[in-house]
Number of protein chains: 2
Amino acid sequence: MRNIRLVIQYDGTRYKGWQRLGDNDHTIQAKIESVLSKMTGETIEIIGSGRTDAGVHALGQVTNFRTNSSMSIQEIQDYCYRYLPEDIVIKSVKEAGDKFHARYNATRKKYIYKIWNHLYHDPFNRKYITHITEPLNIDLMKEAADALVGLHDFTSFTTAKSKKKSMVREIYAIDIMKNGNNIEMLFQGNGFLHNMIRIIVGTLIEVGLGRIEVKEVKAILHKKDRKAAGATAPPQGLFLYDVDYK
Amino acid sequence: MRNIRLVIQYDGTRYKGWQRLGDNDHTIQAKIESVLSKMTGETIEIIGSGRTDAGVHALGQVTNFRTNSSMSIQEIQDYCYRYLPEDIVIKSVKEAGDKFHARYNATRKKYIYKIWNHLYHDPFNRKYITHITEPLNIDLMKEAADALVGLHDFTSFTTAKSKKKSMVREIYAIDIMKNGNNIEMLFQGNGFLHNMIRIIVGTLIEVGLGRIEVKEVKAILHKKDRKAAGATAPPQGLFLYDVDYK
């Protein structure tokens, strides 16, 4: 059986997130599976590197699926381009080694969170950015971000509720860049819990506005309590950017 | 009476163009006039540097209007930001000299036309770019563009039908830049006729695809016949970028 690796871009605005919840629901996974199943005549299940929430976008979601179809790589890409809605585009199609698993083999995930920091919004970039009207202090946000880098229990920064699964994750880097009114926050880690990046961003925004002190961030981490951290930042500014594999 | 200069950004997707055609119609001029009239209690007429067609955008449309209102510059900007739809944003508000006229005093207008040249579209930039799937030869397009720079009768490149008005315009420069799959064409001139840039772009696209030869472009100009030139390129890739004044 062939194992096919797809890299996918999507505008998450219209969707209930990546993960299929029921049959043929309005998720990105269900949309793609329905096209691949029609294409192959098989029941295709596609594995994503991870879930993205409702309204979150992807510039490079890595996935794989298994099929007995004999279609060429180019035929698969053309078929998907033709039948997928215009907010989902397959960027690349490749044959993957038999053991490749988009979720289990991922070693590093990269997300970008985009903020437009100006009194007035930009009419051409309303859907793919979070608008913060009050000026953010980037230096304070960078300092606070540094306190979160490393191996930590991120219970305070997730809405995941499982008591069995580990809330320990490693953040390799958080880089915050400002270019005019645009602020980009690049997150790299071995994995992120449900809503983790958006809660970290929400907390860093409050630091940047002077509502949370930099030194409090370590204390929030140690409390292991979601209520200690800031609000969950909106999904529209978040993009799954890239996934690394061994 | 005060003379107020506004610089306006708009996403033209939803509108029938800049120029008001009837009362309160779905044009950008009518939308802005209705907000300014409500704000001042006067019947405000706003003068734009020029018209933009249905679906064409502006990054810096320069305008002026006269009022007896005593509102401050900041109050005007805040009121407009609050009551205009989110696809129209006033970038700046200034007091203008009594003689300033946004149309008559303009000395140079700058437009950008954006093309995405790749087999597949970009899901995050679908509305503000024209998608051309076949590879364009930029060098040929640059050569052809050079033939149009200067003072010419642009009858072949407009849908304007007046027999009285002059079809002579001066194009100061056409710069074509390619960056990955993005092609940007920057037009500068003393003024442009109705649909002129879009017909020039449509013609240059046919040159870039090898359907019109570079040397034919001068002949098209000399024919003074709209049918000689290429198709009118779609409005969604066109932005009024900047307007210069004495």
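Rules used in this analysis
- Residues numbered from 1 in each chain as written.
- Chains lettered and ligands numbered in written order.
- Predicted model: local features only at pLDDT ≥ 70, side-chain atom pairs only at ≥ 80, totals over all residues.
- Heavy atoms only, no water.
- Axes fitted to C-alpha atoms, helices over the stretch in contact; angles between N-to-C directions.
- Helix = DSSP H or I, 4+ residues; strand = E, 2+ residues; numbered from the N terminus.
- Parallel < 35°, antiparallel > 145°, perpendicular 65-115°, else oblique.
- Left-handed = near helix turned anticlockwise from the far one by under 90°.
- Contact = heavy atoms within 4.5 Å.
- Buried < 20%, exposed > 50% of the residue type's maximum accessible area, 1.4 Å probe, protein only.
- Polar contact = N/O pair within 3.5 Å; in protein donor to acceptor, adjacent residues only side chain to side chain.
- Core = buried A, V, L, I, M, F, W, Y, C linked by side-chain atoms within 4.5 Å.
- Least-squares fit on C-alpha atoms with pLDDT ≥ 70 in both.
- Buried area = accessible area lost by both parts, 1.4 Å probe.
- Salt bridge = Lys/Arg side-chain N within 4 Å of Asp/Glu carboxyl O.
- Nonpolar A, V, L, I, M, F, W, Y, C, P; charged D, E, K, R; others polar.

Chemist: Could you give me a rundown of the packing of helix α1 (residues 28-40) of chain B against helix α2 (residues 73-83) of chain B, with the residues and numbers involved?
Modeler: Residues and elements named next belong to chain B. Running from amino to carboxyl end, α1 crosses α2 at an angle of 125 degrees, the nearest separation of the two axes being 10 Å. As judged from the angle between their axes, α1 and α2 are oblique. α1 and α2 meet at a crossing whose hand is right-handed. Residues V35, L36, K38 and M39 of α1 pack against I76, Y79, C80 and Y83 of α2.

Chemist: For the environment of G150 of chain B, give the residues involved together with the corresponding values.
Modeler: Residues and elements named next belong to chain B. Along the chain, G150 turns up in strand β7 (residues 150-153). Using a relative accessible area of 17% as the deciding quantity, one classes G150 as buried. For G150, the residues in contact, after removing those within four places along its chain, are R169, E170 and I171.

Chemist: I'd like to hear about the side chain of T67 of chain B, residue by residue, with values.
Modeler: Residues and elements named next belong to chain B. Tracing the backbone through its elements, the reader meets T67 in strand β3 (residues 57-67). Reaching out from T67, the side chain makes a polar contact with the side chain of E42 at a distance of 2.6 Å. Once residues lying within four places of it in the same chain are set aside, the contact partners of T67 are M1, R2, I4, T40, E42 and I44.

Chemist: Could you give me a rundown of the nonpolar core, with the residues and numbers involved?
Modeler: With 71 residues, the main nonpolar core has F157, M185 and F187 of chain A as its most contacted residues. Here this core takes eight residues from helix α4 (residues 196-208) of chain A, the largest share from any one element. Contacts of M185 of chain A, omitting those with residues within four sequence positions, involve Y111, I112, Y113, I115, M141, D175, I176, V201 and L204 of chain A. In terms of nonpolar packing, the next biggest core, distinct from the first, is built from 70 residues, V93, F157, V214 and L238 of chain B among them.

Chemist: Residues and numbers for the relation of the copies chain B and chain A, please.
Modeler: Superposing chain B onto chain A takes a rotation of 180 degrees plus a shift of 0.0 Å along the axis, which leaves an RMSD of 0.0 Å. On the angle and the small slide along the axis, the relation comes out as a two-fold axis. When C-alpha distances to the rotation axis are compared across chain B, the minimum falls at N125 of chain B, with a value of 4.8 Å. Of all interface residues in chain B, 100% are interface residues in chain A too; the two copies therefore contact each other through one and the same surface.

Chemist: For the interface of chain B and chain A, give the residues involved together with the corresponding values.
Modeler: Contacts between chain B and chain A engage 24 residues on the former and 24 residues on the latter. For the chain B and chain A pair, buried surface summed over both sides reaches about 2000 Å², with 59% attributable to carbon and sulfur atoms. The largest share of the area that chain B buries against chain A comes from Y81, Y120 and F124 of chain B, three residues that together contribute 38% of it. On the surface where chain B and chain A come into contact, there are four salt bridges. As a salt-bridge pair, D11 of chain B and R126 of chain A come within 2.8 Å of each other at their nearest N and O atoms. Here chain B is connected to chain A by 12 residue pairs in polar contact (both at pLDDT 80 or more). When residues of the side of chain B that touches chain A are traced back to their parent elements, those giving at least two are β1 (2-10), β3 and α2 of chain B. With four residues, the top contributor of residues to the side of chain B that touches chain A is α2 of chain B. The residue makeup of the side of chain B that touches chain A, split by class, is 11 nonpolar, six polar and seven charged.

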